[in-house]
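Chain by chain, the residues run as shown.
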Amino acid sequence: MKQSVEQLVRPEILAIGAYHVADATGLIKLDAMENPYRLPAELNAELAATLAEVAINRYPDPSGGGVKEALRAAYAIPDAAEVLLGNGSDELITLITQALARPGAKLMALEPSFVMYRMNALLSGLEYVGVPLTADFAIDLPATLAAIDAHRPAVLFIAYPNNPTGNRYPRETVEALIEAAPGLVVVDEAYQAFADDSFMSDAGRRDNLLVMRTLSKIGLAGIRLGYAATSPAWARELDKVRPPYNVNVLTQAVARFALEHRAVFDEQAAILRAERARLAEALAARPGFTVFPSEANFVTVRVPDAPALFAGLKAAGILIKNLHGAHPLLSHCLRFTVGSPAENDAVLAALAQLS
Ligand SMILES: *Cc1c(COP(=O)(O)O)cnc(C)c1O
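Residues numbered from 1 in each chain as written. Predicted model: local features only at pLDDT ≥ 70, side-chain atom pairs only at ≥ 80, totals over all residues. Heavy atoms only, no water.

Within an unreviewed UniProt entry, the label attached to the protein reads Histidinol-phosphate aminotransferase, and the organism entered is Crenobacter luteus. Listed under Sequence similarities (unreviewed entry) in UniProt, the entry text for the protein is "Belongs to the class-II pyridoxal-phosphate-dependent aminotransferase family. Histidinol-phosphate aminotransferase subfamily." (UniProt positions renumbered as here; feature names shortened; annotations may be inferred.)

Attention shifts here to the overall build of the protein. Looking only at helices and strands, the protein has 13 helices and 13 strands in total. Taking 355 residues into account, the globule formula puts the C-alpha radius of gyration at 20 Å, and the protein, at 21 Å, falls close to it. Summarising its shape, the C-alpha atoms of the protein cover approximately 60 × 55 × 55 Å along the three principal directions. In the protein, buried positions account for 51% of the 355 residues. For the protein, contacts bridging at least 24 residues in sequence account for 72% of all contacts bridging at least 6. Per element, the accessible surface of the protein, about 16100 Å² overall, is 55% carbon and sulfur. Charge-centre separation for the protein: the mean point of 31 positive side chains lies 4 Å from the mean point of 39 negative side chains. (Helix = DSSP H or I, 4+ residues; strand = E, 2+ residues; numbered from the N terminus. Rg over C-alpha atoms; globule rule 2.2 N^0.38 Å. Buried < 20%, exposed > 50% of the residue type's maximum accessible area, 1.4 Å probe, protein only. Contact = heavy atoms within 4.5 Å. Areas by Shrake-Rupley, 256 points an atom, 1.4 Å probe, with all protein chains shown as cover. Lys, Arg positive; Asp, Glu negative; His and termini not counted. Charge placed at Lys NZ, Arg CZ, Asp CG, Glu CD.)

The strand order across the open sheet built from seven strands is E2-E8-E7-E6-E5-E3-E4, with neighbouring strands paired in mixed fashion. Each end of this open sheet is capped by a strand with a single partner; those strands are strand E2 (82-86) and strand E4 (127-132). Sheet twist, expressed as the mean angle between neighbouring strand axes with direction ignored, is 20°. Contacting strand E3 (106-111), E4, strand E5 (155-159) and strand E6 (184-188), helix H6 (residues 115-124) runs over the sheet at an angle of about 160° to E3. Along the sheet, helix H8 (residues 171-180) makes contact with E5, E6 and strand E7 (209-214), crossing E6 at roughly 155°. (Pairing = 2+ DSSP bridges. Axes fitted to C-alpha atoms, helices over the stretch in contact; angles between N-to-C directions.)

Moving on, we get to the domain arrangement of the protein. Taken as a whole, the protein is organised into domain 1 (5-41 + 263-354) and domain 2 (56-261). For domain 1 versus domain 2, the separation of C-alpha centres amounts to 23 Å. Taken together, the contacts link 32 residues of domain 1 with 34 residues of domain 2. Taken over both partners, the interface formed by domain 1 and domain 2 buries close to 2600 Å², and the fraction arising from carbon and sulfur atoms is 63%. Ranking the residues of domain 1 by area buried against domain 2 places Phe 265, Glu 295 and Leu 329 at the top, with a combined share of 27%. Scanning the region where domain 1 abuts domain 2 turns up two salt bridges. Asp 196 is the salt-bridge partner of Arg 273, the closest N and O atoms lying 3.2 Å from each other. Counting every contact that joins domain 1 to domain 2 gives 16 residue pairs in polar contact (both at pLDDT 80 or more). (Domains from an automatic or database assignment. Buried area = accessible area lost by both parts, 1.4 Å probe. Salt bridge = Lys/Arg side-chain N within 4 Å of Asp/Glu carboxyl O. Polar contact = N/O pair within 3.5 Å; in protein donor to acceptor, adjacent residues only side chain to side chain.)

What follows deals with the side chain of Ser 294. Its place among the elements puts Ser 294 in the loop between strand E9 (290-291) and strand E10 (298-302). Note on Ser 294: relative accessible area 15%, which makes it buried. Setting aside its immediate chain neighbours within four residues, Ser 294 contacts Gly 166 and Arg 276.

On to the UniProt feature "domain: Aminotransferase class I/classII large" (unreviewed entry) in the protein. The feature "domain: Aminotransferase class I/classII large" (unreviewed entry), as annotated in UniProt, sits at residues 27-351 in this numbering. In this annotation, residues 27-351 is assigned 40% helix and 17% strand; the end-to-end C-alpha distance for the span is 15 Å.

Here four strands make up an open sheet; going across it, the order is E9-E10-E13-E12 and the pairing antiparallel. Looking at strand neighbours, the two that pair on one side only are E9 and strand E12 (321-322), the edges of this open sheet. Pairing of E10 with strand E13 (residues 333-337), which is carried by five bridges, proceeds in the antiparallel orientation. Its bridge partner lying in E13, Val 299 is registered against Phe 336. Against the sheet, helix H11 (residues 262-284) makes contact with E9, E10 and E13, and its axis sits at roughly 10° relative to E10, the strand it touches most. On top of the sheet, helix H12 (residues 306-315) reaches E12 and E13; it is set at about 35° to E13, its chief contact.

Turning next to the environment of Glu 175. Summarising the element assignment, Glu 175 is placed in helix H8. On the accessibility criterion, Glu 175 (24% relative accessible area) is partly exposed. Once the C-alpha coordinates of Glu 175 and Tyr 227 are considered, the two residues, 52 residues apart in sequence, prove to be 21 Å apart. Dropping the residues within four chain positions of it, Glu 175 is found in contact with Phe 199, Asp 202 and Arg 206.

It is worth spelling out the pattern of salt bridges at this point. What the rule picks out here adds up to 20 salt bridges. As a salt-bridge pair, Glu 34 and Lys 29 come within 3.1 Å of each other at their nearest N and O atoms. Here Asp 345 makes a salt bridge to Arg 278, at a shortest N to O gap of 2.8 Å. Taken together, the residues span a long stretch of sequence, with Asp 345 in helix H13 (residues 341-354) and Arg 278 in helix H11 at a distance of 67 residues. Asp 345 gets classed as partly exposed once you look at its relative accessible area, which sits at 40%. One continuous salt-bridge network, built from bridges that share partners, spans Arg 171, Glu 175, Glu 179, Asp 197, Asp 202 and Arg 206.

Around the ligand, 13 residues are found, and the nearest of them are Asp 188, Tyr 191, Thr 214, Ser 216 and Lys 217. Contacts to the ligand include Tyr 191, whose side-chain N or O atom sits 2.6 Å from an oxygen atom. The fraction of the free accessible surface of the ligand (390 Å²) that becomes covered by protein chains is 94%. Residues belonging to the shell around the ligand are distributed by class as follows: four nonpolar, five polar and four charged. (Near = heavy atom within 4 Å. Nonpolar A, V, L, I, M, F, W, Y, C, P; charged D, E, K, R; others polar.)

Written as structure tokens, this is what we have:
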């Protein structure tokens, strides 16, 4: 007799829902930290010509086709570190958890944070340990050190700055955690382009540190390219878990092109930083709104009634992220991705009607 899907699939998979992506058709899309800007038309034409030359009949260069070297040069990755590429940093998280899933191994993350840490613990079969942040989203250092001591996690994930709260923790606090952790510490710098500090210069110099970044938030979410810089010992093992052709030829070509034209992306990030300040200030001026400090390309806000305001904005043609219900500390919080000046104006005009 055949077995049913339910009999065959792992119970922990049966118990969860799939990652939900909201339908944004016809809406101003400010829910997923995308960069609102495309490339200028002349660069787009140049990119099209470059892509036409790519040998799509061949498998990609398994070592990245020059992308690692371009990343090293663009982002001052230390010579002491090895670079690993992923199909988005989401895939790098998966590689890390797959490599570490010994029986009984634990993955620790601060909460609330990026949901894929917990998801990958579950998918790879690591025990998940969440350590709550304080009410204002700071690291509770004594409690976190105690949890590290009690659980001895194989890996600790720290988003720097944090998603979905936007704040960057004090550097010394993260350094204390890297010192104390017995296992690997992943400093996830997905929002580095919008932040005032980085651990990249430590990559390869601290044995238990892996610095992870992505091109997604700076304007290339569609190509799916994440990168990690870490010690040769960690890179060697993680590379065994990586599917050999995980970064496709088109992604490699676009990434090389983008890094050659890095100034365009830096200019866009500078505009978004300035817009972040303008948006945060205007949101803070609204009655009952508490704006949390952000070093990312989004602003998280506590409002009197998050579900109602989320629905009102959606009815007005604007899609943001409702964080209410995602974690107790996120009660009545909304996350606004920083858009173009016109998109941010639309948000502020809609809020003036609604609240
Ligand atoms: C968006 C995000 C990622 C995922 O980035 P991809 O490279 O697009 O997979 C990783 N970490 C954090 C904290 C993020 O917010």
